[in-house]
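Residues per chain are reported as follows:
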Amino acid sequence: MIDPAEILHRTFGFVDFRGVQRQVVDRVLEGRHTLAVMPTGAGKSLCYQLPALAMEGTCLVVSPLIALMHDQLRAAEAVGIRAATLTSADDNRDETIQRFRAGALDLLYVAPERASGEGFRNLLRQTPLSLFAIDEAHCVSEWGHDFRPDYRLLRPLLDSFPEVPRLALTATADAHTRADILEQLGIPADGLIVAGFDRPNIRYAITPRENTTRQIIDLIAEQPGPGIVYAQTRNGVETLAEKLAATGRTVLAYHAGLDPAVRRRNQAAFVASEDAVVVATIAFGMGIDKPDVRFVAHAGLPKSIEAYYQETGRAGRDGDPAVAHLFWGADDFARARQRIAEVEPARHAGERARLNALGALVETAGCRRRILLKHFGEDPPETCGNCDNCLSPPGAVDATVVAQKFLSAVFRTGQMFGTGYVESILLGQSSERSLMNGHESLSVFGIVEGDEAALIKPVARALLLRDALRANAHGGLEFGPGARPILKEGARVELVLPPKRERRRKGRGTG
Ligand code: ADP
Ligand code: ZN
């Protein structure tokens, strides 16, 4: 066998292995099953490409997306690796099968659904296999954020080639998902190799939404250099891109509904640019190698901590300072809960745990990086010195009494009004509506005064986040399971007060 270091230099042109690459490659070359958890950009491809060159036979790479496969194929061919894809989108399948049979392929990329076919299994018996590489391996787990039933077809295939080593790869796996991947793919617990997840040059900041457009315009004004703004819907992308154009920066839109030619053009323009801002849905970023992205903004809550880490991880790949700023609202949590209610019950617990982890991240008065890294199984220091809360520690205030008053006003007005109306009742603001409803005679009318008044909106947000309140289809607030502990069982509601800078900004009163 050729020395791995020599292949690294000669074929890939790299000076050294990075991070855990050497550890993964060595283990694979020993023929042992392995799960490598490495953040995006850490160099996962090399971990199977290099053994594929060093070992006898063909390495079968399982990958969930055809577009991703074709990107990887191009990259592999560019360094002279003999590779091919075998998918329904390829019209050279006969040629690929011949190359495979002739032992002329180092890598063969396939989609997971192919694994179940008897014909395919027979084909695999016709040539020695060096390795099974299972990319995006979290797809095999229902705990993962991206479960794909087709991945469950892999195990019988793997088991029918017990002597072929397995290398599962993922960027995104919490402890629970990791354990599940090991079990599902038959990899022993000592086969788990986890890379460091910290991205010290990224400064994390998380702020409640007040006026998203204004907040993002401010962010852009402070951040020269290329940036990505993630919006949640295609419509959101269009409107935000229009409004941001007023900043004078080049603003590009990107979402799946755009004409493919426009999408390609905008992506190419962004990659080439030194100061463009792309407003995009999360479809944007996969397979894009732009090291100098200076900021990533989220106009709404991402799907999970994994998704947040992956999306923010597109900032500062060159190691220079970069910013990741998330703007969230209580309605994000309400919508997420609605979505959870719609998925099959078996997945509720996992989805809820994922949402609560996000809740803890946005609500904390402590270090954001610590929460992120702990989520990925690391044991980071209490403070990082490079997130909003470390740089400008927020004050905390006990808002339990205001929370109780808010809940009680929701209850006494019949659990059908929105935040604005409930607030007006609590403040004792008389209106035609409150008169007509007879709400001015309620004991909660005007019960909040003075300094407490400023806490009403943050309290409403905190109650929605905790599922103490839920918004119905018309925006009316109803009690959720979290209400009782606060009203009856002495649960406290602590609020994090935004750091001074944010408060000053709010005071600027931009509408
Ligand atoms: P991942 O799949 O983990 O996101 P990739 O395999 O796409 O990462 O690699 C990310 C980038 O790092 C690529 O541009 C790749 O060429 C580069 N890279 C990988 N390994 C090394 C290394 N040992 N030294 C230098 N660059 C590397
Ligand atoms: Zn910190």
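Predicted, not measured: the structure shown is a model, and the values here were computed from it.

Caption draft 1: Quick look at the overall build of the protein. A tally of regular secondary structure across the protein gives 22 helices and 17 strands. Radius of gyration (C-alpha) of the protein: 26 Å, near the 24 Å computed for a compact globule of 511 residues. For the protein, the spread of C-alpha atoms along the three principal axes comes to 85 × 50 × 45 Å. Intrachain contacts of the protein at a sequence separation of at least 6 include 72% that bridge at least 24 residues.

Caption draft 2: Spatial organisation of the sheet that holds strand β1 (residues 34-37). Read across the open sheet, the 7 strands follow the order β3-β4-β2-β5-β6-β1-β7; overall the sheet is parallel. Strands with a single pairing partner mark the edges of an open sheet, and in this sheet they are β3 (83-86) and β7 (192-194). Averaged over all pairs of adjacent strands, the angle between their axes in this sheet comes to 20°, without regard to strand direction. Across 3 bridges, the pairing between strand β5 (residues 129-134) and strand β6 (residues 166-170) is parallel. Looking at β6, one finds that I134 is bridged to A168. Its contacts with the sheet put helix α5 (residues 93-101) on β2 (58-62), β3 and β4 (107-110), and the angle it makes with β3 is roughly 130°.

Caption draft 3: Inspection of the site of ligand 1 at higher detail. The environment of ligand 1 is formed by 13 residues, the closest being F14, R18, G43, K44 and S45. With 3 residues, helix α3 (residues 44-54) is the single largest residue contributor to the shell around ligand 1. In terms of residue class, the shell around ligand 1 is built from 5 nonpolar, 5 polar and 3 charged.

Caption draft 4: Quick look at the pairing of β5. Burial analysis of β5 places 5 of its 6 residues in the buried class, the great majority of the element. Inspection of the sheet shows β2 paired to β5 by 5 bridges, in the parallel sense. The partner of T58 across the bridge, within β5, is L129. With helix α7 (residues 154-159) bridging β5 and the parallel β6, this β-α-β connection has right-handed handedness.

Caption draft 5: Quick look at helix α15 (residues 368-375). With 7 of 8 residues buried, α15 is to be regarded as a mostly interior element. Looking only at α15, the buried set comprises R368, R369, R370, I371, L372, L373 and H375. Immediately beyond the C-terminal end of α15, within one or two residues, lies G377, with a positive phi of roughly 85°.

Caption draft 6: Quick look at the packing of helix α13 (residues 330-342) against helix α20 (residues 456-465). Packing of α13 against α20 brings their axes to within 8 Å, and their N-to-C directions diverge by 20°. One element, α13, and the other, α20, form an angle in the roughly parallel class. In the packing of α13 onto α20, the handedness of the crossing is left-handed. Across the interface between the two elements, A330, F333 and A334 from α13 touch A460, R461, L464 and L465 from α20. Each residue belonging to the contact of α13 with α20 can be placed in one class, and the counts come to 6 nonpolar, no polar and 1 charged.

Criteria and cut-off values
Residues numbered from 1 in each chain as written. Chains lettered and ligands numbered in written order. Predicted model: local features only at pLDDT ≥ 70, side-chain atom pairs only at ≥ 80, totals over all residues. Helix = DSSP H or I, 4+ residues; strand = E, 2+ residues; numbered from the N terminus. Rg over C-alpha atoms; globule rule 2.2 N^0.38 Å. Contact = placed C-beta atoms within 7 Å. Pairing = 2+ DSSP bridges. Axes fitted to C-alpha atoms, helices over the stretch in contact; angles between N-to-C directions. Near = placed C-beta within 6 Å. Nonpolar A, V, L, I, M, F, W, Y, C, P; charged D, E, K, R; others polar. Buried ≥ 20, exposed ≤ 12 C-beta atoms within 10 Å, placed from the backbone. Right-handed = clockwise from strand over helix to strand, strands pointing away. Parallel < 35°, antiparallel > 145°, perpendicular 65-115°, else oblique. Left-handed = near helix turned anticlockwise from the far one by under 90°.

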